[in-house]
Amino acid sequence: MSRIRRASAADLPGLLRLYAQLNPSDPAIPLVRAAEIFEQFHSCDGNAIFVAALGDEIIATCALVVVANLTRGGAPYGLIENVVTDAGHRKLGFGRAVLRAAISAAWEEGCYKVMLLTGSANPATLRFYLQTGFQQNKTGFQVRRPIS
């Protein structure tokens, strides 16, 4: 049986393994540096990384960032990023479970909305987000830092 929980620093090796599946061309982050980033990420109130664990194995994850806000009566909003389920455990509900945990945590933080962007055009991925309760009703834009 899987368990959905907030990640701890001890989960970093499993998280890094999953993130390599999400973005295979990314350079590996040394574990010491990953621990520093993990600590920095969690220094902001409300931020959390959620994981689905089968025993000691991390099989799905997503990150919630809670952003302070001066509109909407001061209610923050949530951003979800880095959604990935291990290739051998997809379509079994683990990704949906970590997303629901993150959304629930955002509501507990008083967020008025939770947003998520995906670079995927895969119809199955888009259906997955729709079936988890997201609506595709906004237009997203991004700008990336130029490679020097």
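Residues numbered from 1 in each chain as written. Predicted model: local features only at pLDDT ≥ 70, side-chain atom pairs only at ≥ 80, totals over all residues. Heavy atoms only, no water.

### Topic: the pairing of strand β3 (residues 57–67)
The condition that has to hold: We call a residue buried when its accessible area falls under 20% of the maximum for its residue type, exposed when it is over 50%, and partly exposed in between, using a 1.4 Å probe and counting protein chains only. Helix and strand assignments follow DSSP, with helices taken as H or I runs no shorter than four residues and strands as E runs no shorter than two, numbered in order from the N terminus. Only strands that DSSP links by at least two bridges are regarded as paired with each other.
In terms of burial, β3 is a largely internal element, eight of the eleven residues being buried. Hairpin connection from strand β2 (residues 48–54) to β3: two residues lie between these consecutive antiparallel strands, with G55 at a positive phi of about 65 degrees.

### Remarks on the environment of R96
The line we're drawing: Contact definition: two residues touch when any of their heavy atoms are within 4.5 Å.
By the element assignment, R96 lies in helix α3 (residues 94–108). Residue classification places R96 among the partly exposed positions, given a relative accessible area of 21%. In this view, R96 contacts F128, Q131 and T132; residues no more than four positions away in its chain are not counted.

### As for the packing of aromatic side chains
Short version of the rule: Between 30 and 60 degrees the pair is tilted, below 30 it is stacked and above 60 it is edge-to-face, where a pair is any two Phe, Tyr or Trp rings, Trp via its six-membered ring, whose centres lie within 6.5 Å.
With the rule as written, the count across this model stands at two aromatic pairs. Relative to Y129, the ring of F128 has its centre 5.1 Å away and its plane inclined at 55 degrees; by these criteria the two rings are tilted. For Y129, a relative accessible area of 10% gives the class buried. Members of the aromatic cluster, connected to one another through ring pairs, are F128, Y129 and F134.

### What to know about the nonpolar core
What counts here: Side-chain atoms within 4.5 Å are what join buried Ala, Val, Leu, Ile, Met, Phe, Trp, Tyr and Cys residues into a set we call a nonpolar core.
Counting residues in hydrophobic clusters, the biggest one holds 23 residues, and the most contacted among them are F50, C62, L64, I80, L99 and F134. For this core, the secondary-structure elements that each account for two or more residues are β2, β3, β4 (77–85), α3 and β5 (114–116). Among all residues touching L64, those that are not within four sequence positions of it are F41, G46, N47, A48, F50, G78, L79, I80, A102, A105 and A106. One finds L12, L15, I49 and I58 within the second-largest nonpolar core, a separate group that totals 14 residues.

### Observations regarding the pairing of β2
Most of β2 is tucked away, with six of its seven residues classed as buried. Two strands pair when backbone bridges link them, and strand β1 (residues 2–6) and β2 are joined in this way by five bridges, in the antiparallel orientation. Bridged to R3 within β2 is A53. Here β2 pairs with β3 via seven bridges, running antiparallel.

Purely geometric numbers; function is a separate question.
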